[in-house]
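Structural features, examined
As a plain string of letters, each chain reads:
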Amino acid sequence: MPPVHPEDQLHHPTRYNADDSRRLARDEQLFVSFVGRINKPYIEPPFSILRFALWDVLRSHPNATVVGLNLHHTVAPFLPSDEEPDALPKCRKCAYSCKQCIRLSQRHVPIQYSERLPTKAYLELTRKSLFCLVTRGDSQITGKLTEAVLGGCIPVLISDMPVWPFYQRLCYPAFSYEIHWQLALNEPHRVMEFLLSCPQHEIHANKLALLAVRKHFDFVDSALDATSSGAVAQLV
């Protein structure tokens, strides 16, 4: 599935505000959730900073639920100290070339540290969210796509993935949204602007389509049954 051009996704006028989005998501209770390890300093730049850029902007948004993991190791060491609040971020000395520059856009917003999110709590967060951000992992693909789909959360795909799983059989635009990774990196605030602009009838249709494709992402032993149409059965 070819990536959508950034500007092609941002032509919708805002159709409902934050209160409307909460009513729309009353069953889900949460509008957007974003969970994961924030920085990936060992992967190819500029993807190493993509998650940080999204976390930095969304962590203070009233409609976003953000859980940033491993901040103690990937963000805190490179922030200006309390003794020198105006100092530039520390330079990371490592075996890699320079891939990141930690600069908080909202330094007045306290950082909430969390080293681990229990699996049960993460799955419950996914189930209650209307949208789930699916960002690049160590490679283009990430397990969060499957977790979002099985949890009934509309995936918001932000990656350099050339094609997504089962793209020849599934119509991804029918049950997900794809935002160009360069847009998310350079203007992360526009990710939420775009999601808030999506019409309610379109989101409802996406939710119905999402339920129909869940079986394609269900990797379970029973999928080996010849009568099953799950992911494993399709692969074998």
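Refer to the structure presented above.
Residues numbered from 1 in each chain as written. Predicted model: local features only at pLDDT ≥ 70, side-chain atom pairs only at ≥ 80, totals over all residues. Heavy atoms only, no water.

Quick notes on the overall build of the protein chain
Counting its secondary structure elements, the protein chain contains ten helices and five strands. For the protein chain, the proportion of its 236 residues judged to be buried stands at 48%. Of the contacts formed within the protein chain by residues at least 6 apart in sequence, a portion of 67% connects residues at least 24 apart. Split by element, the accessible area of the protein chain, about 12500 Å² in all, is 54% carbon and sulfur. (Helix = DSSP H or I, 4+ residues; strand = E, 2+ residues; numbered from the N terminus. Buried < 20%, exposed > 50% of the residue type's maximum accessible area, 1.4 Å probe, protein only. Contact = heavy atoms within 4.5 Å. Areas by Shrake-Rupley, 256 points an atom, 1.4 Å probe, with all protein chains shown as cover.)

Regarding the side chain of His 180
Inspection of the secondary structure puts His 180 in the loop between β5 (177-178) and α7 (181-186). Side-chain polar atoms of His 180 contact the backbone nitrogen of Gln 182, separated by 3.1 Å. (Polar contact = N/O pair within 3.5 Å; in protein donor to acceptor, adjacent residues only side chain to side chain.)

Structural notes on the packing of aromatic side chains
For the coordinates displayed, the defined rule picks out eight aromatic pairs. For the pair Phe 166 and Phe 217, a centre-to-centre distance of 6.4 Å together with 85° between the ring planes defines the contact as edge-to-face. Separated by 51 residues along the polypeptide, Phe 166 in the loop between β4 (154-158) and α6 (172-175) and Phe 217 in the loop between α9 (200-213) and α10 (231-235) bring together distant segments of the chain. Phe 217 carries the same exposure label as Phe 166, and that label is buried. Consider the rings of Tyr 177 and Phe 194, whose centres lie 5.6 Å apart with planes at 85°: the pair is edge-to-face. Here Tyr 177 is found in strand β5, whereas its partner Phe 194 is found in helix α8 (residues 189-197), with 17 residues between them in sequence. Both residues of the pair, Tyr 177 and Phe 194, belong to the buried class. Clustering of aromatic rings is evident, with ring pairs tying together Trp 164, Phe 166, Tyr 172, Phe 175 and Phe 217. Its guanidinium or amino end placed over the ring of Trp 55, Arg 59 lies 4.8 Å from that ring's centre, counting from NZ or CZ. (Phe/Tyr/Trp six-rings, centres within 6.5 Å; stacked < 30°, edge-to-face > 60°. Lys NZ or Arg CZ within 6 Å of the ring centre and 35° of its normal.)

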